[in-house]
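# Understanding the architecture of this molecule
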Amino acid sequence: MNKYDVVIVGSGLGGLLCGYILSKEGYNVCILEKNKQIGGCLQTFKRDNCIFDTGIHYIGSLDEGQILYQYFKYFDLIGKLKLKKLDKDAFDVIYFDDNKVEYAYSMGYDNFIETLSKSFPNERQALIKYCDKLKEISNSLALYNLKEITSTFIETTYFKENAFEFIKSITSDIRLQNVLAGSNVLYAGVPEKTPLFIHAIVNASFIESSYRLVDGSQQLAKLLTDSIVKNNGIIRTNSKVTRLVCNNNEISFCELESTERIEAKYFISDIHPELTLDILENDILRKVYRNRVKSLENTMASFAIYISLKENTFKYLNRNHYFFSKNNVWTSVTYSIEEWPESYLLLTPATTKSEIYADSIIVMTYMKYEELKQWEHTTVENRGEEYIEFKRKKAEKLLDKIEIQFPDIRKHIKSYYTSTPLTYRDYTGTKNGSLYGILRDSDEPMKSFVSPRTKIPNLIFTGQNVILHGVLGVTIGAVLSCAEIVGLNHLIRKIKQA
Ligand SMILES: Cc1cc2nc3c(=O)[nH]c(=O)nc-3n(C[C@H](O)[C@H](O)[C@H](O)COP(=O)(O)OP(=O)(O)OC[C@H]3O[C@@H](n4cnc5c(N)ncnc54)[C@H](O)[C@@H]3O)c2cc1C
């Protein structure tokens, strides 16, 4: 039986970052990935010579001196990643069809306030208050500032504050309230639940600076893989872990679908905690803990259309377009199937082919898993004709809405492809195709935040379900997870010195 210091289940960003940290620290690491392609949400696919991202469209805080820049320096990514900075004065635009007005988010807090003050001249004070709060929250998170701390369990009062309520408290202007929450598909916000912490960290990071990955997000997976292999780490694809087997209260080995067994001192799980418990064979975890994890709600899922464009016909857009039918951006759970899609996010990926024209467009919108129930027992490429027709109808409905902002869009389409919650469920293993894993709840903060440390001494969680999703959230989570093995302040010092 093969034996390693650390086995990591899943090669999503969290798994790869942990693999990088621990192999660099001299541990003998093996990452096991169920798919053919490494990377989880970093996976891309190619159609008509266009590269389509599946789970990373833009990244924040990557200017020199900002937090992700420093983390990426430690991960040996700076200078190697192909990046394109979005428009400084409008990296996101929030459009409402009920008043046909577009509002821009600008980079840098002062710029952000200036730009939105032009649309809301009486609301400058509210905008200052909003930005001050974002700064206060990002400054309070030690790992956003690489401050040394002792605990890997993050506890903050901002988990208990609610994003929707906070925004409502700073302005009575309902349009501005919706504009400030306009990119909430980035965390699939739910007004009664989403903690202010989530909204603030995600928005703060993008306001600091926003970048696209040129020619796709797979490059991030490739660079991390190369470094891990250089550090003598092993990454195995087509290796689905089906059992985590305990002996003397610890996991002693994992078993693959092929029945091969692999031993390790530590096991890090980059997959959803509920799915981890499904494959964990042990009596130590009390039924209440298992039930608690099983009862956690997950974020909404999505439907996406991937459009390949006729050559040199559609201008590259160096910003992300958020569309809303009405003056309500909190539609993740409440959208009506009849009026679907009530919102979408549209973007043109950056490529090395052309700076002027886009070769493709990605548009995503919410979709409930329940809509796909009848195909839930099917697998990729084997879901039947009815499913194909369901997707076609949905895509055409979405295109009708896209035409409102981009009237001749259909004229530029060479072909299009679609994904549903089932696609995500089967490619990344997220529960019900959920966009970002566990839905955090400001009313029950401790229940919905998962600690990297578990009741099993050698089992550690990582990935988007620890602390926060997204590139920044998963990076902070990976540091917390590896800190369980190598010590937190030791790691923080190394990252600062990188
Ligand atoms: C549509 C979409 C758009 C997004 N856009 C952005 C964005 O623009 N910016 C941003 O910062 N974030 C974005 N995110 C969020 C971000 O992509 C994720 O939070 C992050 O990549 C998740 O990484 P992870 O390590 O938690 O896991 P995942 O990427 O989910 O990876 C888990 C891996 O585990 C593997 N696996 C599952 N079960 C097993 C098993 N039993 N054995 C072996 N392997 C297994 C899976 O195949 C997968 O490779 C987006 C997400 C989605 C879905």
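Just so it is clear, the model here is predicted, and its values are computed rather than measured.

## A word on the nonpolar core
Val6, Val7, Ile8, Leu17, Ile201, Phe267 and Val363 are the most contacted members of the largest nonpolar core, which has 144 residues in total. If we skip the residues at most four places from it in the chain, Val6 touches Leu22, Tyr27, Val29, Ala264, Lys265, Tyr266 and Ile268.

## What about the packing of helix H1 (residues 13-24) against helix H15 (residues 470-486)?
At a minimum axis distance of 9 Å, the contact between H1 and H15 shows a crossing angle of 45°. Classed by the angle they form, the pair H1 and H15 counts as oblique. For the pair H1 and H15, the sense of crossing is right-handed. Residues Leu13, Gly14, Leu17, Cys18, Ile21 and Leu22 of H1 touch H15, and the partners they reach there are Val471, Val474, Thr475, Gly477, Ala478, Ser481, Cys482 and Ile485. Its residues assigned to classes, the contact of H1 with H15 comprises 10 nonpolar, 4 polar and no charged.

## What to know about the sheet that holds strand S8 (residues 101-105)
In space, the 7 strands of this open sheet follow the order S8-S7-S16-S17-S18-S15-S19, with mixed pairing throughout. Strand pairing shows two members of the sheet lacking a second neighbour, S8 and strand S19 (413-419), which therefore form its edges. With direction set aside, neighbouring strand axes in the sheet form an average angle of 20°. As judged from the 6 bridges shared by strand S15 (residues 301-309) and S19, these two strands associate in the antiparallel manner. Of the residues in S19, the one forming a bridge with Tyr306 is Tyr417.

## Re the sheet that holds strand S6 (residues 83-85)
Judged by pairing direction, the sheet is antiparallel, and its 3 strands sit side by side in the order S5-S9-S6 without closing on themselves. Single-partner strands in this sheet number two, and they are strand S5 (59-60) and S6. With 3 bridges joining them, S6 and strand S9 (residues 210-213) adopt antiparallel strand pairing. Paired with Leu83 across the strands is Leu213, a residue of S9.

The rules behind each value
- Residues numbered from 1 in each chain as written.
- Predicted model: local features only at pLDDT ≥ 70, side-chain atom pairs only at ≥ 80, totals over all residues.
- Core = buried A, V, L, I, M, F, W, Y, C linked by C-beta atoms within 7 Å.
- Buried ≥ 20, exposed ≤ 12 C-beta atoms within 10 Å, placed from the backbone.
- Contact = placed C-beta atoms within 7 Å.
- Axes fitted to C-alpha atoms, helices over the stretch in contact; angles between N-to-C directions.
- Helix = DSSP H or I, 4+ residues; strand = E, 2+ residues; numbered from the N terminus.
- Parallel < 35°, antiparallel > 145°, perpendicular 65-115°, else oblique.
- Left-handed = near helix turned anticlockwise from the far one by under 90°.
- Nonpolar A, V, L, I, M, F, W, Y, C, P; charged D, E, K, R; others polar.
- Pairing = 2+ DSSP bridges.

In short, shape yes, function no, at least from these values alone.
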